[in-house]
Amino acid sequence: MNAYWPIVVPALVKIVVILGIVLTGVAYTTLAERKVSAWMQDRRGPNRVGPFGLLQPVADGMKFFFKEDITPREAYRPLYLLAPFLTLFPALITFAVIPFGTQISVGGQTYPLIIAPGMDVGVIFLLAVSSIGVYGILLAGWSSGNKYSLMGGLRSASQVISYELGIALAVMSVVLWTGSFDFRRIVEDQAGWGHFWFVGPQFLAFIVFTVAVFAETNRLPFDLPEGESELVAGYHTEYSGLRFAMFFMGEYANMITASAFVVLLFLGGWNLPFVNYAWFGPLWGGLLSAVVFFAKVAVLLFVFIWVRWTLPRFRYDQLMSLGWKRLFPLALLNLVLISTLLVLRGHP
Amino acid sequence: MKVTRPELSWWERTYFPAILKGMKLTFSHIFRKRVTLQYPEERWTLPPGYRGQPVLLTGLDGHEKCTSCKLCQFICPPEAIRIVAGETELAKEKFPAEFDIDMGLCIFCGYCQEVCPVEAIWLKDAYELADYDRTNLIFDKEKLLALGRKPPYLPGREKPLEEGR
Amino acid sequence: MMAAVVFFAVAFLAFLGALALVFHRHPMVAGLGMALSTLSIGVLYVLLRVPFLGLFQAIIYAGAVMVIVLYIVMALGQEETGPRVGSVQTGLTYVAAALLLLQFYWAIVRSGAGPFPEGSALPPVTAGGTNYAFGTIQAFGSLLVSHYSVPFEVASLLLVGAMVGAVILSRRSWS
């Protein structure tokens, strides 16, 4: 078994670090959501727990622990209890394939900053896991035994499936451009002289992808599944306590995944213009790249929140027609354009 | 009613101009002055005529002014007032032996004050009435009278109305 | 060793899912069983060193097809089905299934395929005069557009036909 340790130990360390960062990120994204929404409405936001309300997520988490866990009588119990896990776990598993920096060299060993460095089809993995995430929503909606939950679950499922097409096609144009499903390759292709962040050459794909990602994460203006005025809270109407917290965390973890996805594909990953991480040495360069990456993700999270507190909700038929009649053809057109360009350029 | 919808250009129909305009607006609000009132530390100045906690008033003779006519009990919409009448040696002959207001029921409508012929009940400006136990919310005569003697009173009406005003 | 443990665990899950699909009274649970089964088979593909095929299995079967099936079950509001009666039809189904299984077993035995030794390199895939490492997306893609291009195009034609048919059938009136 000795041969396994050099692989297992760094992987475990990376898992712990990443889970720590992501879960803290989730907690503070909820705080950011409340703070930013407050600022945009000329309010102050939570400022009682800790300095500037910075311990508010801790208080929120404690509250979830002490709340009663209610199962409705009409619920189909096994699936009702299972559904929150099916939402949270896919949301967390995605971080296995998301690279969050270049690499760190310590003691003659080089550790790439990604949990699963051997995965060369990370992009597909991310798409696959996010498509599995629908089950949690679907089951929660159905097993609650409540028509609002059911409607929310149905809406959410159809929305996610519809927009997944747009996402996949937009991703494919980037993949064609770089010729790889590996996130690290895609990021490396956006570094250095003569290379641009793909938001430039792939602008159409960027637009399609970003809009579709908003729908995929059930965020406003596409939060039909939990449209309060029509569906109470959608698929998690009946949930309370820790199980509700799991849905909540899953939703925010998905937001972080989506932001990371956009950053990796279109915003140059951890690259900054005119900065070469080799200048900072093997250790600090790697750490700096991770900091830059998470900073970019944070900026995108802010955009998510910003859009949420700006736009009203789409009507359901508008949502569907936007997905199928606008984004889907646009993504297809983009794919054709990119392929033509690549053929003209003489891509292998 | 006939609604004339504006003719939108191709660029406008992509939603983007409207979205960007809205985002600019919300972003600019981040730097505006906050309107939040930090409640326990900062408070509203209450307007005159504010209807808060109903209290019983004491006359110049040191006795409660209430004559136990029960008009307030009859008019009270949520039936929060309960009066048990008693006889007294005073000139008014009747007095409330018991006078309870259930503050869990009171809706602060002020009808009791409105209807009282002797101006014995009055809504003052206290509004922090929450309690952990509902039984504590039933205020009896002694408590209501004590509240009636205690400030704070409304600005411009530093004292409750006196008899014979 | 590790591979064997993972294989048996995942194969058990796939089997469990298939059993749930056939025997569970509740359409929702049955559908979930099928999803579990397809997902487990995806993991088996990964064990067979074709990770992206496993992921596509997850996307297409577990992520799209089964979600739509469950969606329809949900939308129809189908509750538990009635007690199963042992009719001639069910008996025949069991016989047919057993025969299919036998045939499948026979095919495997006849193909002469055995367990491949762990850690051994797999032969490269040749397509269009170029060698690609086994199980990579390059090998898969090259084969798909060279050697198997006709079946691939026929399949896409079939799907387009199905889509057009569905649109025509679901259209209420020709106004």
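The structure reproduced in this document is the subject of the present report.

What counts and what doesn't
- Residues numbered from 1 in each chain as written.
- Chains lettered and ligands numbered in written order.
- Predicted model: local features only at pLDDT ≥ 70, side-chain atom pairs only at ≥ 80, totals over all residues.
- Heavy atoms only, no water.
- Helix = DSSP H or I, 4+ residues; strand = E, 2+ residues; numbered from the N terminus.
- Rg over C-alpha atoms; globule rule 2.2 N^0.38 Å.
- Buried < 20%, exposed > 50% of the residue type's maximum accessible area, 1.4 Å probe, protein only.
- Contact = heavy atoms within 4.5 Å.
- Areas by Shrake-Rupley, 256 points an atom, 1.4 Å probe, with all protein chains shown as cover.
- Lys, Arg positive; Asp, Glu negative; His and termini not counted.
- Charge placed at Lys NZ, Arg CZ, Asp CG, Glu CD.
- Polar contact = N/O pair within 3.5 Å; in protein donor to acceptor, adjacent residues only side chain to side chain.
- Phe/Tyr/Trp six-rings, centres within 6.5 Å; stacked < 30°, edge-to-face > 60°.
- Buried area = accessible area lost by both parts, 1.4 Å probe.
- Salt bridge = Lys/Arg side-chain N within 4 Å of Asp/Glu carboxyl O.
- Nonpolar A, V, L, I, M, F, W, Y, C, P; charged D, E, K, R; others polar.
- Pairing = 2+ DSSP bridges.
- Axes fitted to C-alpha atoms, helices over the stretch in contact; angles between N-to-C directions.
- Expected span 1.5 Å × (residues − 1).

Some thoughts on the overall build of chain B
Alright, step 1. The number of helices and strands found in chain B is 4 helices and 5 strands.
Alright, step 2. Here the C-alpha radius of gyration of chain B, 26 Å, is well above what a compact globule of 165 residues would show, namely 15 Å.
Alright, step 3. Dimensions along the principal axes, computed over C-alpha positions, put chain B at roughly 90 × 40 × 35 Å.
Alright, step 4. Across the 165 residues in chain B, those meeting the buried criterion constitute 32%.
Alright, step 5. In chain B, of all internal contacts separated by at least 6 residues, the share reaching a separation of at least 24 is 69%.
Alright, step 6. Looking at chain B as shown, the accessible area adds up to about 11,500 Å², and 58% of this sits on carbon and sulfur atoms.
Alright, step 7. Measuring between centres, the 24 positive side-chain charges of chain B sit 12 Å from its 24 negative side-chain charges.

A closer look at the side chain of Ser143(A)
Residue and element names in this part refer to chain A.
Alright, step 1. Position of Ser143 relative to the elements: it lies in helix α5 (residues 134-143).
Alright, step 2. The buried category is assigned to Ser143, whose relative accessible area is 1%.
Alright, step 3. Among the polar contacts made by the side chain of Ser143, one reaches the main-chain amide nitrogen of Tyr80 at a distance of 3.4 Å.

Considerations on the packing of aromatic side chains
Think of a pair of aromatic rings as described by two things: how far the centres are apart, and how the planes are tilted against each other in angle.
Residues and elements named next belong to chain A.
Alright, step 1. Counting across every chain of the model gives 27 aromatic pairs over all chains.
Alright, step 2. Centre to centre, the rings of Tyr80 and Tyr239 are 4.2 Å apart; their planes meet at 10°, and the pair counts as stacked. Of this pair, Tyr80 sits in helix α3 (residues 77-93) while Tyr239 is found in the loop between α9 (228-231) and α10 (241-266), placing the two residues 159 residues apart along the sequence.
Alright, step 3. Both rings, one in Phe203 and one in Phe206, keep their centres 6.3 Å apart while their planes meet at 35°; by these two values the pair is tilted. Placement of both Phe203 and Phe206 in helix α8 (residues 203-216) is noted, with a separation of 3 residues, approximately one turn of the helix.
Alright, step 4. Overall, the relative accessible area of 16% leaves Phe206 in the buried class.
Alright, step 5. Within the aromatic cluster, the residues linked to one another by ring pairs are Phe183, Phe203, Phe206, Phe209, Phe261 and Phe266.

Comments concerning the arrangement of the chains
Alright, step 1. Counting contacts across all 2 pairs of chains that touch, the top pair turns out to be chains A and C.
Alright, step 2. The least C-alpha distance between chain B and chain C, which are not in contact, is 27 Å.

A look at the interface of chain B and chain A
Alright, step 1. Each partner contributes residues to the interface: chain B has 17 residues there, and chain A has 16 residues.
Alright, step 2. The largest contributions to the chain B side of the interface with chain A come from Met23(B), Thr26(B) and Arg34(B), which together make up 33% of the buried area.
Alright, step 3. Joining chain B to chain A, the criterion identifies 0 salt bridges.
Alright, step 4. Linking chain B to chain A there are 7 residue pairs in polar contact (both at pLDDT 80 or more).
Alright, step 5. Here the residues of the side of chain B that touches chain A are counted per class, giving 8 nonpolar, 5 polar and 4 charged.

Let's talk about the sheet that holds strand β5 (residues 138-139) of chain B
Residues and elements named next belong to chain B.
Alright, step 1. The strand order across the open sheet formed by 3 strands is β2-β3-β5, and the pairing between neighbours is antiparallel. For this open sheet the edge positions go to β2 (81-87) and β5, each flanked by a neighbour on one side alone.
Alright, step 2. Judged from the 2 bridges that link them, strand β3 (residues 94-102) and β5 form a sheet pairing that is antiparallel. Within β5, the residue paired with Ile101 across the bridge is Phe139.
Alright, step 3. On the sheet, helix α4 (residues 141-149) packs against β3 and β5 and is oriented at approximately 85° with respect to β3.

Quick notes on the pattern of salt bridges
All names here are of chain A.
Alright, step 1. Under the criterion given, the structure shown has 9 salt bridges over all chains.
Alright, step 2. The salt bridge partner of Arg308 is Glu33, with a shortest N-O separation of 3.3 Å. Highlighted residues: Arg308 in helix α11 (residues 281-308) and Glu33 in helix α1 (residues 5-40), separated in sequence by 275 residues.
Alright, step 3. Judged by relative accessible area, Arg308 falls into the partly exposed class, the value being 23%.
Alright, step 4. Of the residues examined, Glu33 reaches a relative accessible area of 4% and is grouped as buried.

Thoughts on the side chain of Thr38(C)
Alright, step 1. For Thr38(C), the position within the fold is in helix α2 (residues 27-47).
Alright, step 2. Discounting chain neighbours no more than four positions away, the residues touching Thr38(C) are Gln57(C), Tyr61(C), Ala62(C) and Met66(C).

Quick look at helix α6 (residues 147-178) of chain A
All names here are of chain A.
Alright, step 1. Across its 32 residues, α6 extends 46 Å between first and last C-alpha, which sits within 8% of the 46 Å expected from 1.5 Å per residue.
Alright, step 2. When you tally the buried positions in α6, you get 24 out of 32 residues, the bulk of the element.
Alright, step 3. Sitting at the head of α6, Asn146 places a side-chain oxygen 2.6 Å from the backbone nitrogen of Tyr148.
Alright, step 4. Taken from the residues just after α6, Gly179 is the one with a positive phi, measuring 70°.

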